[in-house]
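Descriptive analysis of the structure
One letter stands for each residue in the lines below.
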Amino acid sequence: MLGTTLPAVVAIFAAATLLAAQTPASAETLLERGGYLTKSVAACGRCHTPRDGNSNPIAGMELAGGAEFTEPGTGHVVAPNITPDRETGIGRWTQAQIVNAIRNGVRPDGTIIGPPMPFSAYDDLSDRDVTAIAAYLRTVKPIRHAVPKSQYTMTLPTSHGPTVTHVEEPRHDDRIAYGAYLAGPVAHCIGCHTPLREGGQQLDRKRAFSGGRQLHPYGQPGVLVMSRNVTPDPEDGVGKWSDAEIKRATTAGIRPDGTRLSPAMPYPWYKGLRAADLDAMIAYLRTVPPQKNVE
Ligand code: HEC
Ligand code: HEC
């Protein structure tokens, strides 16, 4: 018996290995997709993972909550524990409830989730991507870590807009459109790199990617870092940078002149970006209107 079945098993195994090696990236499972987006592109941990005094993410505490800051006009904000711990995290939430929280900013008990969780970006996540993130979150290691609730001094809206239940999958074969999707709804590069409209909290999209936002690196109270102009302007933006230079700044936090970026720029997460996705985002950034810095 053994003598006859073994070679067949080996042959099947060899064929399966071959198949796996040839499987294109698009055939990744839902959980693989969710893990990649959560840990790299969407960088949920840039807010939901506690950071040390140098603003670097604390190892072993991924997504366990605790990044906090105080902002005049907003209040004292704490990013919650989103690991599946049943007492201190979201372990009692269903996948559909997590999807609704990410997209629409509503918790299972009906309360509204406040800023800066970026709903204006996440309501454009495709059905597959938001489901993948929710499914993945339910599989990460539960971490028991109680964090205080946010204390908003601003009045939260009663909703973050019409309830979103369906968003088509973007075309992955249109590099610029897919790069716009990654740099917009998923990674939200636009959120930190675009100035706000005067007197408001809305992004000034006419000046998209021209930088100039003052951001708090979490974990470093009192420190303010200004986001940079990443439009193709040759003087003020990154127009003269090569693709490789933009990649190094984005994934390693090192500029062409060798100086280092503050981890207020989430490169500790972006180091896991896939080459094709970085290419798509850079190709898209090269198409946005060049802008000058506004003094
Ligand atoms: C810019 C910071 C930021 C980013 C990025 C961010 N979040 Fe949040 N998130 C928050 C804050 C702050 C809250 C809590 C707001 C409040 O207290 O009402 C929150 C709340 C949540 C909640 C509700 C948890 C609860 O117990 O109320 C979930 C679920 C969640 N985020 C998931 C995610 C996922 C998944 C991602 C990545 C796709 C993500 N967040 C990215 C800041 C962020
Ligand atoms: C949480 C806010 C935030 C997000 C999200 C963000 N950035 Fe940044 N980025 C910054 C800040 C702040 C700086 C400047 C840091 C410094 O000067 O030390 C910066 C700097 C950069 C630089 C260097 C520019 C220069 O002139 O030095 C590049 C390139 C860049 N970001 C690209 C990106 C891309 C691409 C994405 C999306 C994948 C992105 N950023 C998402 C905050 C952010």
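Just so it is clear, the model here is predicted, and its values are computed rather than measured. (Residues numbered from 1 in each chain as written. Chains lettered and ligands numbered in written order. Predicted model: local features only at pLDDT ≥ 70, side-chain atom pairs only at ≥ 80, totals over all residues. Heavy atoms only, no water.)

Moving on, we come to the site of ligand 2. Residues in contact with ligand 2 amount to 23 residues; listed here are only the nearest, Cys189, Cys192, His193, Arg255 and Met265. Residue His193 places a side-chain N or O atom 2.8 Å away from a nitrogen atom belonging to ligand 2. Within the side chain of Arg255, an N or O atom sits 2.5 Å from an oxygen atom of ligand 2. Of all the elements in the fold, those that place two or more residues in the shell around ligand 2 are helix 8 (189-193), strand 5 (225-226) and helix 9 (243-252). Residue contributions to the shell around ligand 2 peak at 3 residues, all from helix 8. Looking at the shell around ligand 2 residue by residue, the classes come out as 15 nonpolar, 5 polar and 3 charged. (Near = heavy atom within 4 Å. Polar contact = N/O pair within 3.5 Å; in protein donor to acceptor, adjacent residues only side chain to side chain. Helix = DSSP H or I, 4+ residues; strand = E, 2+ residues; numbered from the N terminus. Nonpolar A, V, L, I, M, F, W, Y, C, P; charged D, E, K, R; others polar.)

Strands in a sheet are paired, the pairing made by backbone hydrogen bonds, and the direction either parallel or antiparallel. Taken together, 3 strands build an open sheet; the order of strands is 1-2-3 and the sheet is antiparallel. Looking at strand neighbours, the two that pair on one side only are strand 1 (68-71) and strand 3 (151-152), the edges of this open sheet. (Pairing = 2+ DSSP bridges.)

By domain assignment, the protein separates into domain 1 (29-155) and domain 2 (170-295). A C-alpha centroid distance of 22 Å is found between domain 1 and domain 2. Counting from both sides, the interface comprises 32 residues of domain 1 and, opposite them, 25 residues of domain 2. In total, domain 1 and domain 2 occlude about 2400 Å² of area from one another, counting both sides; carbon and sulfur atoms represent 58% of this. Inspection of the region where domain 1 meets domain 2 yields 0 salt bridges. Inspection of the region where domain 1 meets domain 2 yields 10 residue pairs in polar contact (both at pLDDT 80 or more). Going through the elements one at a time, helix 2 (30-41), helix 3 (45-48), strand 1 and helix 5 (119-122) are the ones with two or more residues in the side of domain 1 that touches domain 2. Tallying contributions element by element places helix 2 first for the side of domain 1 that touches domain 2, with 6 residues. Broken down by class, the residue content of the side of domain 1 that touches domain 2 amounts to 14 nonpolar, 9 polar and 9 charged. (Domains from an automatic or database assignment. Contact = heavy atoms within 4.5 Å. Buried area = accessible area lost by both parts, 1.4 Å probe. Salt bridge = Lys/Arg side-chain N within 4 Å of Asp/Glu carboxyl O.)

Around ligand 1, the surrounding shell holds 24 residues, and the nearest of these are Cys44, Cys47, His48, Arg107 and Met117. Contact distances for ligand 1 include 2.8 Å between an oxygen atom and a backbone N or O atom of Gly114. For ligand 1, an oxygen atom lies 3.5 Å from a polar atom in the side chain of Tyr152. Elements that contribute at least two residues to the shell around ligand 1 include exactly helix 3, strand 2 (75-78) and helix 6 (127-137). Here the shell around ligand 1 is built from residues that sort into 19 nonpolar, 3 polar and 2 charged.

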